[in-house]
Amino acid sequence: MAAKEISLRLLIHKEENQILYAESGNDFVDVLLSFLTMPLGTVIRLTGKQSEMGSLDNLFGSVEDLDVQYLQSESCKNMLLHPKSASEECRRKLMVNIDDTEPTDYYLCTNASFPLNSDSDFKHLISTTRQRACRCGRSVSRRMPTRDKKVGGDGKDGVFVKGKMRYMITDNLQILPVCMRTSLELLTRFGISDPSVLEERDVKLGQKEALSLLKASLISKTVLSEVFLKKPK
């Protein structure tokens with residue numbers, strides 16, 4: 001199956017070699033908003049320990065190199081290197097998803113019987129970590145069946161935003177609904193009165209570009225220009 005891509009229209013200041021804004025539908029906005037749902041460990045892993053977020057890259061590398069004998073379990077190490085997010089199901093519906101974290105599995109105590117007597121029993125019998133010891137002494141290792149989840153939006157709404165709207169995304173990732181007034185305000189902000197200095201360009205965003213946007217968004221205020229115009233930081 002061919003990798004999915006999102007179409008964007010860029011408005012570029014040719015003399016400054018800078019993107020004023022990108023115009024897109026909700027698919028691109030959903031990808032950008034998904035960055036806010038990623039745990040720090042996921043961001044560092046996806047950026048190849050080049051997030052430039054202080055010393056966190058080194059902290060992640062230390063966990064990678066640390067022998068499992070110094071940790072509670074192999075599952076504990078995996079949890080630190082591949083942390084789960086409460087929005088993981090939402091991210092799997094994105095048109096372009098860069099997070100390769102495996103879906104959360106739930107495990108049941110091998111000694112479990114139904115019906116469960118109380119909420120307390122339920123908490124002890126269910127775990128997201130395999131081989132965890134249940135209070136009864138048995139292992140929590142029986143994988144619970146999960147229903148298949150539909151991947152992709154329903155064609156009416158986005159993942160985080162609703163409706164079939166068009167948006168303007170500035171170079172520093174400010175998101176605004178498309179309207180003539182907003183467009184004029186942005187041009188005024190940049191002191192542009194001559195439309196001949198402007199160029200429209202259509203581009204595609206796939207996983208490679210989305211990952212580059214994530215990396216640039218951590219350290220830059222000219223994110224779109226760096227990714228689509230290869231403008232130096």
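Residues numbered from 1 in each chain as written. Predicted model: local features only at pLDDT ≥ 70, side-chain atom pairs only at ≥ 80, totals over all residues. Heavy atoms only, no water.

S.K.: I tried to follow the overall build of the chain on my own but got confused; where do I start?
M.R.: For the chain, the count of helices and strands is 9 helices and 9 strands. Burial analysis of the chain (233 residues in total) assigns 40% to the buried set. Total accessible area computed for the chain in this model is approximately 14300 Å², and 50% of it derives from carbon and sulfur atoms. (Helix = DSSP H or I, 4+ residues; strand = E, 2+ residues; numbered from the N terminus. Buried < 20%, exposed > 50% of the residue type's maximum accessible area, 1.4 Å probe, protein only. Areas by Shrake-Rupley, 256 points an atom, 1.4 Å probe, with all protein chains shown as cover.)

S.K.: Just checking my understanding: could you explain the sheet that holds strand S9 (residues 198–205) for this structure?
M.R.: As a general point, the strands of a sheet are linked pairwise by backbone hydrogen bonds and lie either parallel or antiparallel. The antiparallel open sheet is built from 5 strands, whose spatial order is S8-S7-S2-S1-S9. Looking at strand neighbours, the two that pair on one side only are strand S8 (175–177) and S9, the edges of this open sheet. Strand-to-strand twist across the sheet, computed as the mean angle between neighbouring axes with direction ignored, equals 30°. Strand direction decides the pairing type here: strand S1 (residues 6–13) and strand S2 (residues 18–24), joined by 5 bridges, are antiparallel. (Pairing = 2+ DSSP bridges. Axes fitted to C-alpha atoms, helices over the stretch in contact; angles between N-to-C directions.)

S.K.: Whenever I open this one, the nonpolar core confuses me. Can you help?
M.R.: One broad trend across soluble globular proteins is that nonpolar side chains are buried collectively. Within the largest apolar cluster, 35 residues are counted, with the highest numbers of intra-cluster contacts made by Phe-28, Phe-35, Leu-205, Leu-213, Leu-224 and Phe-228. Leaving out residues up to four positions away in the same chain, Leu-213 has contacts with Phe-28, Leu-32, Phe-35, Leu-205, Val-223, Leu-224, Val-227 and Phe-228. Ranked by size, the runner-up nonpolar core spans 9 residues in total, among them Leu-11, Tyr-21, Leu-187 and Ile-192. (Core = buried A, V, L, I, M, F, W, Y, C linked by side-chain atoms within 4.5 Å. Contact = heavy atoms within 4.5 Å.)

S.K.: Help me understand the side chain of Ser-220, please; the structure alone is not making it clear to me.
M.R.: Looking at where Ser-220 falls in the secondary structure, it is placed in the loop between helix H8 (207–217) and helix H9 (223–228). A residue is classified by how much of its surface remains accessible, and Ser-220, at 12% relative accessible area, is buried.

S.K.: I keep staring at unusual backbone geometry and nothing clicks. Help me out?
M.R.: One non-glycine residue, Asn-17, lies in the positive phi region at around 50°. With a relative accessible area of 36%, Asn-17 lands in the partly exposed category. Positive phi outside glycine occurs at Glu-52, with the angle close to 60°.

S.K.: It is not clear to me how the side chain of Ser-24 should be interpreted in this structure. Could you clarify?
M.R.: Along the chain, Ser-24 turns up in strand S2. Of the residues examined, Ser-24 reaches a relative accessible area of 0% and is grouped as buried. Setting aside anything within four residues of it in sequence, one finds Ser-24 in contact with Ser-7, Leu-8, Val-29, Met-165, Arg-166, Tyr-167 and Ile-169.

S.K.: For this particular structure, what's the right way to read the packing of helix H3 (residues 56–65) against helix H4 (residues 74–81)?
M.R.: Geometrically, a packed helix pair is captured by the angle between its two axes and the distance between the axes. Closest axis-to-axis distance for the H3/H4 pair is 10 Å, and the angle between their directions is 155°. Classified by the interaxial angle, the pair formed by H3 and H4 is roughly antiparallel. Here the hand of the crossing between H3 and H4 comes out left-handed. Along the contact surface, H3 presents Phe-60, Val-63 and Glu-64, while H4 presents Lys-77, Leu-80 and Leu-81. Looking at the contact of H3 with H4 residue by residue, the class counts come to 4 nonpolar, no polar and 2 charged. (Parallel < 35°, antiparallel > 145°, perpendicular 65-115°, else oblique. Left-handed = near helix turned anticlockwise from the far one by under 90°. Nonpolar A, V, L, I, M, F, W, Y, C, P; charged D, E, K, R; others polar.)

S.K.: Just to check I follow, could you spell out the environment of Glu-199 for this structure?
M.R.: Its place among the elements puts Glu-199 in strand S9. For the pair Glu-199 and Lys-14, spaced 185 residues apart in sequence, the C-alpha to C-alpha distance is 6.5 Å. Leave out the neighbours within four places in its chain, and Glu-199 touches Leu-10, Leu-11, Ile-12 and Lys-14. Of the polar contacts made by the side chain of Glu-199, one reaches the side chain of Arg-201; its length is 3.3 Å. (Polar contact = N/O pair within 3.5 Å; in protein donor to acceptor, adjacent residues only side chain to side chain.)

Keep in mind that these numbers describe shape and distance, not what the molecule does.
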